[in-house]
Each structure stands twice: as structure tokens, then as C-alpha cells.
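# Survey of secondary and tertiary structure
Residue strings, one per chain:
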Amino acid sequence: MGVDRRAAAKECAYHHQREIMSRITAESLRAALPVMGGERSLPGLEGPIVIHRDGFGIPHVRAGTEHDAFFGQGFVHAQDRLWQMEYDRLRARGRWSEAVGGEGLAQDKLMRRFQIWRTLEQDYAALSGDAQAMLQAYSSGVNAFLAGPDPLPVELQALEMQPEPWRAGDCLAVMKVRHIMMGVWEGKLWRARLVQTLGAEKTALLHPGYQQGQLLMLPPGQRFNGPILDGLAELSAGLAGLPRLQEDPAAGSNNWVAGGARTASGKPLVAGDPHRALDVPNVYYQNHLACADFDVVGFSFPGMPGFPHFAHNAHVAWSITHGQADYQDLFIEQFNPEQPARYRWQEDWREAEVCEERIAVRGEASVELSLYRTHHGPIIAGHPREGWGLAFCYTAMAAPNRTMDAVYRMLRAANADQLEEAQRHWVDPVNNMVYGDVHGEFGYRTRGELPLRPRANAWLPVAGWTGEYEWRGAVPFEEMPAARNPRAGYAYSANNRIVDETYPHYIALDFAPGFRAERINALLSTGSGLQVEDMGRMHGDVLSVPATAFKALYGKITPQDEGAALALQLLEQWDCQISAHSPAPLLFAAFRQRLLHAVLDPLLGTLAATAFQDRGHGAARMLRRTMARLHELIAEDDTALLPQGASWAVLMARALSEAVQGLQARLGGRMEGWRWDMEHKTGAVHLLSRSFPDAASLLDPPPIPMAGDGDTLLAGGIQAEQGFQVETLSTARYVFDTGDWNRSAWVIPGGASGHPGSPHYADQTGHFRELRMHPMLYDWDRIATQAESTQHLQPEQ
């Protein structure tokens with residue numbers, strides 16, 4: 001009978017999928033577009049709002065009051081990105097299975113276990129009245145759109161889903177769900193599996209920390225000469241307390257600011273590009289918001305108000321990258337198997353918070369889930385009924401989170417001082433912020449909350465019952481790394497190490513290699529008379545620092561066959577530019593991938609397959625770190641990671657032959673005719689295409705052939721064992737010119753609209769591919785004159 005029920009459910013799911021597919025047509029895409037012009041009367045407005053949309057469909061919202069500005073931002077977010085907003089809300093609450101069925105169940109279980117929703121009320125209550133009013137006004141704007149005559153997005157129509165009213169807490173949930181997986185908890189879980197399988201000594205060898213000689217952020221241009229990270233003691237001590245862990249469940253960025261002494265205008269230029277996986281639609285939304293109190297243009301997250309990461313107002317510009325900081329811990333909790341709602345705390349047993357959840361699954365039976373929470377946080381893995389669980393301690397949820405106060409105050413900042421002060425309330429994520437103002441001030445600040453706790457917490461899940469690993473507050477705001485008007489005349493960040501070993505507080509074990517920082521520093525340190533166009537050219541820089549380092553090592557290779565000999569010749573003659581039309585980047589990438597396998601397959605043993613298939617932030621970070629070290633290990637003839645008796649010369653020769661053979665099988669033809677962009681292109685997939693692949697031709701944007709890789713300023717990161725498809729890239733490029741805001745420029749891969757039937761769904765892709773940006777319109781007369789459409793929102797009489 002069980003087999004019959006499963007077959008019937010499968011058949012039912014198939015017919016249900018076909019029914020949904022029948023609702024997604026070219027005609028339905030066009031019919032789902034909202035009206036972008038005319039006049040509309042809406043309840044809740046204090047005065048009129050004008051929405052001009054430029055030639056790329058980017059909204060410029062002008063209101064008389066602050067309330068109406070946020071109302072207008074919520075309205076245009078819903079006009080363009082309601083489907084994306086609903087997706088983020090559903091996944092934050094662990095309800096994605098309601099839309100796509102069993103395919104979303106694993107994600108929903110993890111998100112339910114995070115228990116994001118349980119923190120929203122305390123966060124909202126802790127906010128200032130101004131921030132609360134911002135969230136309420138924004139939500140009113142979203143709901144005004146929902147109550148209006150426009151059709152729902154085609155995705156919601158196809159799934160026959162009616163969004164619930166938007167609430168202030170949904171804004172907070174969107175902010176958290178967009179950042180919760182950018183932390184380090186997966187790395188700690190992965191190290192725990194490594195130390196249990198390989199032992200402490202080998203695990204420590206795979207985690208040497210930031211490499212000597214690579215650039216720091218502060219002061220700009222200074223190199224790290226501190227000690228190699230030695231985690232053997234912490235790993236050995238932590239191993240004894242670990243339960244047996246089972247299978248429970250390259251993002252980065254660049255930014256920089258050039259001070260007035262290095263620019264043509266004499267005022268700072270702020271530039272950057274966040275690196276993420278390419279969502280469809282884009283995670284970032286270009287918009288412009290003005291009222292009597294502020295006039296801000298930049299990027300926001302659909303589903304929440306403000307401009308948290310990249311924007312400028314009339315006085316100051318800001319830009320961030322991920323700080324790679326450690327602000328997530330895992331605590332091993334001991335539960336009483338006889339009374340699983342009780343967990344051990346020192347000599348006593350405490351009551352855990354326990355609730356029962358039911359996950360609704362489209363087309364299938366619902367799933368029951370027991371959720372546990374200790375004073376450390378929610379239990380996200382393990383088995384309390386069997387005596388243990390892993391509690392997730394995260395700054396964004398451990399205490400009331402006032403990040404939205406920072407978001408609000410940034411809009412009103414009149415100078416660099418006020419912008420920095422606004423970051424006092426920023427909690428998550430920890431970011432590297434660079435900024436510049438119209439008065440000529442510029443600088444760098446680490447923003448966010450860094451917990452104070454024992455160093456052992458950095459490496460592995462720690463014992464939750466002893467009391468010795470508890471958090472003891474946070475690094476004071478005044479002691480966070482910062483620099484104003486540094487002597488170098490510029491500041492930058494590229495996810496590299498922030499400060500040297502003399503900084504008194506722990507920030508993180510892992511940082512991105514200093515390759516991109518090296519190029520930014522080289523270009524800025526020699527720059528003068530810089531303009532927006534120069535910043536744009538930096539975005540397109542494709543010189544590879546590790547490829548340059550490998551040039552001196554190719555002499556160690558004795559080719560094993562003719563194909564390898566030709567490949568070696570091409571690599572030796574190569575200029576180390578990861579250009580789109582060259583075969584050398586393809587050879588170099590394949591060679592390094594095979595060399596990484598040669599090193600790690602024997603070392604990891606049974607964990608190798610898991611590591612190379614990882615698409616998260618655990619094993620994948622270890623792979624990237626080891627890949628980045630290969631040229632140094634070879635140059636120093638450091639064989640500590642190699643099998644007994646193995647040599648780098650033999651491994652390199654074998655890796656080159658295997659790389660060539662693999663590419664020949666894949667591409668055929670003459671090696672000289674291969675091109676990097678034949679294989680190195682985006683493969684962005686609409687959320688519904690994964691569940692309903694027959695709709696992909698209507699929903700997915702076109703692929704973008706790309707130069708660059710994960711080590712160049714032109715970002716095009718790939719993942720080990722995933723071929724050469726672009727996995728992470730610049731999801732936006734921008735330059736803010738504080739000397740004349742009207743010279744600022746931007747572009748995204750994709751478009752402003754989230755509607756697949758809109759002409760603005762992917763209309764910026766050509767500019768993005770060609771490394772062009774278009775004007776970031778700021779002057780209101782120019783905006784009105786050039787508007788593609790204008791919509792007037794009036795208070796309801």
C-alpha cells in the first residue's frame with residue numbers, strides 16, 4: 001500500500017506541475033505587468049507622491065514627507081519585486097514548501113529551526129520611534145499596492161497564491177534571511193567533521209589563516225607579517241567534547257574610496273561591486289527616494305526600506321563589503337533523553353523552550369517538526385531526544401537587533417561624522433564600510449557587532465553546559481577598526497584581513513586571499529586625477545595575481561604528452577589576464593582544479609567527495625583557501641599536505657595532463673581555438689525554473705559570457721567540481737562622485753523589474769557584459785525630462 005500511495009502522490013504532483021506550467025505563457029507574462037503611469041488615489045498618504053521611471057525602468061520617488069517617501073518605496077518595491085519579496089518572506093518563515101512542494105522541505109526545516117520569526121517582535125520593540133514609523137510606512141505602501149487593481153506577478157498567479165498583508169516584522173525577516181547564511185557557522189561544523197575524521201594535526205594544517213605578505217585593509221598598503229595560525233591546541237581540546245556529527249545541514253565584494261588628492265575633482269570617489277550568486281531577479285534593487293528630509297539614490301533589498309549597503313544622499317556616499325567576521329557560534333547542548341525538554345547547564349538542568357510546528361507541503365502531506373531553544377539559541381542540528389543538539393548563537397538574534405535604526409539614520413547623515421555615528425546601532429552583518437562626503441572627508445570603518453568570547457569558540461562547536469564559552473558582551477564601537485583620511489590617500493576592502501595581529505580583539509580565523517586587494521592597491525597607489533571612468537576600468541581589471549605567481553613555477557613541469565606540452569607553452573607565454581577570448585584562463589583554471597584534487601583527495605579520504613560537492617560556506621571555504629595557497633606551497637616545496645613520498649613536480653605534471661584531457665573531451669577542436677567565455681558564463685535560473693523546468697525558456701534571463709574569475713577585480717568565481725560556470729559575480733557595479741552626484745554611474749546584471757514579461761527584466765545585461773555603466777540620475781529636472789513614465793499617487797479624499 002505504501003508503494004501505491006507514493007506512486008499516486010507522484011502522479012498527482014506531475015499533473016499539478018503540468019497545470020501550473022500551463023499558466024506560464026508569453027501572454028500571461030505580459031498580462032501580469034503593473035501599470036506604471038497615470039494617477040491613483042490611495043489611503044494612508046499625507047500628500048502627493050510622484051514616481052518617475054527612467055529609461056531602464058528605475059523608479060525615482062519624490063514625496064513631501066518622510067512617511068510618504070517610505071510609503072512610496074514600499075509601493076514601487078511591490079510593483080517591481082512582489083514575487084521576490086514573497087519568496088524571502090516565505091523562506092524566512094520556513095514556508096517555501098507551500099509554493100513548490102517537497103523540493104522546498106529541507107530548506108524549510110532549517111529555516112524553522114533558525115526560528116527567525118521569534119526574534120522579530122523584540123527587535124521591533126527595541127527600535128526608535130523613527131525606525132518603527134519607517135517600517136510601518138513602508139509596509140503601508142506595499143499593502144496599498146496589494147489592495148490595488150494591478151494583477152499579481154505571474155509566478156503568484158501560476159501558483160494560485162495570494163500574499164498576506166505586509167507587516168513591519170516582514171521587513172526585519174527579509175534583512176535576516178538575506179544574511180543568516182553569510183556567517184561562519186557552516187565552517188565550524190565542517191571543521192568538526194574534519195577533526196573527527198582526520199585528527200587535529202591534519203585539520204590544523206588545512207587552516208593556516210591569513211598568509212604572510214598579503215595586504216591588510218588598515219593601514220592601506222600595509223602587509224601582514226604576523227604568525228601563521230596554529231589551531232592544534234584548540235582543535236585537540238575541542239575534539240574530546242564533540243558528539244558524532246552526521247550530515248545535518250565565494251561570496252565576497254570589492255569597494256574602495258579615492259580621496260580628493262587622487263581625483264580630478266578634488267573630492268572623493270566611492271566605488272564598489274558586491275559579489276554574490278546571481279539571483280533572478282537580482283538581489284539588489286536600484287531606486288531613488290526623496291522628501292524634505294533626505295534625497296537618497298542607491299540599492300535596496302526588496303522587502304525592507306532604506307539603503308543599507310550602497311547609496312549616497314546629498315552629502316555623503318557609502319559602500320560596504322562583507323567583513324568575513326565571526327559572529328555565529330555553535331554550542332553543544334546535553335539534553336536529558338528521559339526528559340528531552342531539559343538541557344544541562346553546569347550542575348543543573350534547565351527547561352528548553354519547545355514548540356511543535358507543522359510545515360504545509362504543496363501537493364503532499366504536511367510534516368511535523370519539533371523545535372527546541374536554549375539560552376544559547378535555537379537548536380539547528382542534532383537530536384535532543386537522543387541526548388544532544390547544536391544551539392545556534394548569532395548576534396542578529398541573540399539580543400534585540402537595532403540595525404534598522406542605523407538604516408534610518410544613514411539617510412539623514414549630513415557628513416562623514418554622522419554617517420559613522422549612525423553605524424553605532426548596526427548589528428548584522430559585520431561589514432567593511434568605505435565612505436566619502438562632499439566636504440572631502442573619506443575613510444573606512446568596520447561596522448557590526450563582534451561578540452567577546454573565548455578563542456576556542458572560533459574553531460569548533462563548544463560545550464554549552466560548562467559556562468566557560470559564554471559571550472561576554474561585544475567589542476565597543478570606539479574600538480572597532482576605523483581610519484579617517486588615511487595618509488595613502490585611499491582606502492579599500494576586498495574581504496581580506498582587516499588589521500594585523502596587534503589588534504586586541506578577535507575578528508575571524510578566515511579571510512579571503514589578498515589577491516583582489518593587491519590589484520586595488522596597485523591601481524590606486526599609482527592613480528592621480530582619477531575620474532568615474534577610471535573607477536569603471538578598475539571594475540574590469542582581469543590581471544590574476546595567482547596566475548602571475550604560477551609563471552615562475554611552470555619550469556618544474558615535465559609534460560607527459562603532446563597536449564600537455566602545448567598547454568604548458570600557452571601558459572608560459574600568457575600575460576596572466578583572465579580575458580574572455582583566450583584559452584589560457586581555461587587551461588589555468590582546469591590545471592588548478594586538478595592540482596587541488598591531487599592534494600586533497602588522498603588527505604580527505606572519505607570526505608573528499610562531500611567537500612568538492614559543497615556549495616555552502618563550510619568545505620567550500622577550505623577549498624578556496626587551499627587553492628589560493630598552492631603556488632606558495634610549491635614555491636617553498638612545502639609537502640606537508642601531500643601523500644608520503646609525493647612531489648610537487650610529479651603532481652603538477654599529472655594535473656596538467658588531466659586538465660588537458662578533460663578539456664579536450666569537453667570542447668574538442670584545436671586548443672588554440674578554445675576561449676574562456678565558451679565555458680565561463682552565468683547560468684542564472686529563475687526560482688520557479690528549478691521546480692518547473694519547462695518554464696525556463698520564459699523565465700530565465702540569457703547567460704552572460706564573462707572574463708575574470710574569483711581572484712580578479714572583474715568577479716566571476718567558479719566552484720570546485722562545478723565546472724567553469726560563473727557561480728558568483730558582481731551583482732552590481734557603481735561609482736559615487738561626491739564632486740558632482742550627477743556624474744555617478746551604475747549597472748546590474750539583469751534589470752530593475754522582477755517581471756519576466758517586462759522590457760526591464762534584463763535590459764542592463766548588455767551594458768554589464770560590455771563593462772559599461774549608465775548615469776545614476778540625481779537631478780530632478782533631468783529625471784522628469786527624461787522619464788519613460790510618470791505616476792502620481794494622491795491621498796484618498
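Residues numbered from 1 in each chain as written. Predicted model: local features only at pLDDT ≥ 70, side-chain atom pairs only at ≥ 80, totals over all residues. Heavy atoms only, no water.

## Section: the overall build of the chain
What counts is decided by this rule: Each helix is a run of H or I in the DSSP string that is no shorter than four residues. Each strand is a run of E no shorter than two, and both are numbered from the N terminus. Taken over C-alpha atoms, the radius of gyration is set against a globule rule of 2.2 Å times the number of residues to the power 0.38. Buried residues are those whose accessible area, probed at 1.4 Å on protein chains only, stays under 20% of the maximum for their type, while exposed residues exceed 50% and partly exposed ones sit between those limits. Surface exposure here means Shrake-Rupley accessible area, sampled with a 1.4 Å probe, where a residue is shielded only by the protein chains that are shown. Working convention for charge: Lys and Arg count positive, Asp and Glu count negative, and His plus the chain ends are omitted. Every charge is mapped onto a representative atom, which is NZ of Lys, CZ of Arg, CG of Asp or CD of Glu.
Within the chain, the regular secondary structure consists of 28 helices and 27 strands. Its C-alpha radius of gyration of 26 Å places the chain within 12% of the 28 Å reference for a compact globule of 797 residues. Seen through its C-alpha atoms, the chain measures out along the principal axes to roughly 85 × 70 × 55 Å. The buried share among the 797 residues of the chain stands at 62%. Summed over its atoms, the accessible surface of the chain is roughly 28,500 Å², and 49% of this surface lies on carbon and sulfur atoms. Separation between the mean location of the 72 positive side-chain charges and that of the 93 negative ones in the chain comes to 2 Å.

## Comments concerning the packing of helix α3 (residues 66–92) against helix α9 (residues 168–177)
Cut-off, in case you're wondering: All axes here are fitted lines through C-alpha atoms, helices being fitted over the stretch that makes contact, and every angle between N-to-C directions spans 0 to 180 degrees. An angle below 35 degrees is read as roughly parallel, one above 145 as roughly antiparallel, one from 65 to 115 as roughly perpendicular, and any other as oblique. The contact definition used throughout considers only heavy atoms, calling two residues in contact when any of these lie within 4.5 Å. The residue classification treats Ala, Val, Leu, Ile, Met, Phe, Trp, Tyr, Cys and Pro as nonpolar and Asp, Glu, Lys and Arg as charged. All others, Gly included, are polar.
Where α3 meets α9, the closest approach of the two axes is 9 Å, and the angle between their N-to-C directions is 80°. Taken together, the axes of α3 and α9 lie roughly perpendicular to each other. Facing Asp88, Arg89, Arg91 and Ala92 of α3, the residues of α9 in contact are Asp170, Ala173, Val174 and Val177. Each residue belonging to the contact of α3 with α9 can be placed in one class, and the counts come to four nonpolar, no polar and four charged.

## Details of the packing of aromatic side chains
Aromatic ring pairs are defined here through the distance separating the ring centres and the angle between the ring planes. For the record, the criterion: Paired rings are identified among Phe, Tyr and Trp, the last through its six-membered ring, by centres lying within 6.5 Å, and are further divided according to the angle between planes into stacked (under 30 degrees), edge-to-face (over 60) and tilted (the rest).
Summed over all chains, the structure comprises 29 aromatic pairs. For the pair Phe310 and Tyr734, a centre-to-centre distance of 5.3 Å together with 40° between the ring planes defines the contact as tilted. Residue Phe310 is found in strand β8 (residues 310–312), and its partner Tyr734 is found in strand β24 (residues 733–737); the two are separated by 424 residues along the sequence. Of the two residues examined, Phe310 and Tyr734, each falls in the buried class. Here the aromatic rings of Trp574 and Phe588 are separated by 5.5 Å at their centres, their planes lie at 55°, and the arrangement is tilted.

## Considerations on α9
Counting buried residues in α9 gives ten out of ten residues, a clear majority hidden from the surface. When α9 is considered as a whole, its buried residues turn out to be Ala168, Gly169, Asp170, Cys171, Leu172, Ala173, Val174, Met175, Lys176 and Val177. Buried residues along α9 sit in contact with α3, α5 (105–114), α6 (120–126), α7 (129–146), α13 (395–398) and α14 (403–412).

## Side note on the sheet that holds strand β6 (residues 285–290)
The strands making up a sheet associate through hydrogen bonds between their backbones, and the pairing can be parallel or antiparallel. Put simply, the test is: Note on pairing: DSSP must find at least two bridges between two strands before they are called paired.
In spatial order, the strands read β1-β27-β2-β3-β6-β7-β8-β9-β17-β18-β20; together these eleven strands make up an open sheet with mixed pairing. The strands lining the two open edges of the sheet, one partner per strand, are β1 (38–42) and β20 (482–484). Averaged over all pairs of adjacent strands, the angle between strand axes in this sheet comes to 15°, irrespective of strand direction. Strand direction decides the pairing type here: strand β2 (residues 49–53) and strand β3 (residues 59–63), joined by five bridges, are antiparallel. Each bridged residue has a counterpart across the sheet, and for Arg53 the counterpart in β3 is Pro59.

## Considerations on the nonpolar core
Applied cut-off: Throughout this description, the term nonpolar core refers to a set of buried Ala, Val, Leu, Ile, Met, Phe, Trp, Tyr and Cys residues connected via side-chain atoms within 4.5 Å.
In this structure, Phe114, Trp318, Phe392, Met404 and Ile507 are the most contacted members of the largest nonpolar core, which totals 151 residues. Among the elements that take part in this core, α3 stands out by supplying twelve residues, more than any other. Not counting the four nearest positions on each side in its chain, Ile507 is found in contact with Ala325, Asp326, Leu450, Pro481, Ile498 and Val499. One finds Tyr554, Leu604, Leu641 and Phe724 within the second-largest nonpolar core, a separate group that totals 71 residues.

## A look at α5
If you check which residues of α5 are buried, you get Leu105, Asp108, Leu110, Met111, Arg112 and Phe114. In the segment just after α5, Gln115 is the residue with positive phi, at about 60°.

## Comments concerning unusual backbone geometry
With an omega dihedral of 0°, the bond running from Val280 to Pro281 counts as a cis peptide bond. In this fold, Pro281 is placed in the loop between β5 (269–276) and β6. Residues Asp428 and Pro429 are joined by a peptide bond in cis, for which omega reads -5°. Looking at the secondary structure, you find Pro429 in the loop between α15 (416–422) and β17 (431–437). A positive phi angle, close to 50°, is found at Asp637, a residue other than glycine. By the secondary structure assignment, Asp637 is in the loop between α22 (619–635) and α23 (648–667).

## Digging into the packing of helix α20 (residues 584–604) against α23
Formally: Helix crossings fall into two classes, left-handed where the near helix is turned counterclockwise from the far one by less than a right angle and right-handed where it is turned clockwise.
At a closest axis distance of 8 Å, the pairing of α20 and α23 adopts a crossing angle of 125°. In terms of their interaxial angle, α20 and α23 are classed as oblique. In this structure, α20 meets α23 at a crossing whose hand is right-handed. Contact residues: α20 offers Leu586, Leu587, Ala590, Phe591, Arg594, Leu595, Ala598 and Val599, while α23 offers Trp648, Leu651, Met652, Ala655, Leu656, Glu658, Ala659, Val660, Leu663 and Leu667. In the contact of α20 with α23, the residues fall into 16 nonpolar, no polar and two charged.

## Brief notes about the side chain of Glu86
Relative to the elements of secondary structure, Glu86 occurs in helix α3. Beyond its immediate stretch of four places on either side in the chain, Glu86 contacts Leu156, Pro163 and Trp166.

## A short note on the pairing of strand β27 (residues 789–795)
Only one face of β27 is covered, namely the face carrying Ser789, Gln791, Leu793 and Pro795; the face carrying Thr790, His792 and Gln794 is uncovered. Bridge count for β1 against β27 is five bridges, and the pairing is parallel. Looking across to β27, one finds that Arg40 is bridged to Leu793. The sheet contact formed by β2 and β27 spans five bridges and is antiparallel. Bridge assignment links Ile51 to a residue of β27, and that residue is Gln791.

## Focus: the confidence of the model for the chain
Should the pLDDT be low somewhere, the predicted coordinates at that spot are not to be read in detail. Test applied: Note: pLDDT gives the predictor's confidence per residue, expressed from 0 to 100.
On average, residues of the chain score 93 in pLDDT, and 93% of them reach the 70 mark or higher. Predicted confidence for residues 244–250 stays below pLDDT 50, and this span has 19 contacts to residues more than four positions away or in other chains.

## Some words on the environment of Pro504
With respect to the secondary-structure elements, Pro504 resides in the loop between β21 (490–493) and α16 (515–525). By relative accessible area, Pro504 is classed as exposed at 66%. In the structure, Pro504 is positioned 252 residues away from Pro756 in sequence and 51 Å away in space, judged by C-alpha atoms.

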